Amino acid sequence: KLDFDLTGAANVADIPGLRGTIHRVIDQQIANFLVLPNQISVPLGTEEQGVDPSLIKLPRPLGLLKVSVKSAKGLRAADINLIGKNTSDPYVIV
């Protein structure tokens, strides 16, 4: 998750409801960008050193594993919402 605070004229986005929406949209866009095959790569060598930049930026995937969570029980609602039910941001360790 990305944590940030808007300042100046953008501080109006701290209105309850709007802040959460902005955070969700930004989190979703970052998550969409970083899903395979998208990635952020940093070459640690040059072409003269034998590093092929095309293989670093878009390597051929070895495979794809898709995991879907079927159900969950007893999740604690740790996120307090002013409007509506409290929620949580659960995660899964595989």
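Residues numbered from 1 in each chain as written. Predicted model: local features only at pLDDT ≥ 70, side-chain atom pairs only at ≥ 80, totals over all residues. Heavy atoms only, no water.

**Re the overall build of the chain**
When helices and strands are tallied, the chain shows two helices and zero strands. Counting every position in the chain, which comprises 94 residues, the buried fraction comes to 5%. In the chain, the proportion of contacts linking residues at least 24 apart, taken out of those at least 6 apart, comes to 19%. Roughly 8700 Å² of accessible area belongs to the chain as shown, and the carbon and sulfur atoms make up 60% of that amount. (Helix = DSSP H or I, 4+ residues; strand = E, 2+ residues; numbered from the N terminus. Buried < 20%, exposed > 50% of the residue type's maximum accessible area, 1.4 Å probe, protein only. Contact = heavy atoms within 4.5 Å. Areas by Shrake-Rupley, 256 points an atom, 1.4 Å probe, with all protein chains shown as cover.)

**Considerations on a nonpolar patch on the surface**
Residues L65, V67, V69, V92 and V94 make up a contiguous nonpolar surface patch of roughly 550 Å² in combined accessible area. Tracing the backbone shows L65 in the segment after α2 (53–57). (Patch = residues over 30% accessible without salt bridge, like charges linked within 9 Å, V, L, I, M, F, W, Y side chains within 5 Å. Salt bridge = Lys/Arg side-chain N within 4 Å of Asp/Glu carboxyl O.)

**Observations regarding the environment of R76**
The residue R76 is located in the segment after α2 in this model. For R76, a relative accessible area of 67% translates into the label exposed. A sequence separation of 14 residues divides R76 from P90, and the C-alpha atoms of the two residues are 8.8 Å apart.

**A few points about the environment of I83**
Within the secondary structure, I83 is located in the segment after α2. Measuring from C-alpha to C-alpha, the distance between I83 and G17 comes to 8.0 Å, with 66 residues separating the pair along the chain.

**A closer look at the environment of L44**
Mapping L44 onto the fold places it in the loop between α1 (18–33) and α2. Taking the relative accessible area as the measure of exposure, L44 reaches 84% and is therefore exposed. Linking L44 and I56, residues twelve residues apart in sequence, is a C-alpha distance of 9.6 Å.

Keep in mind these values describe shape, not function.
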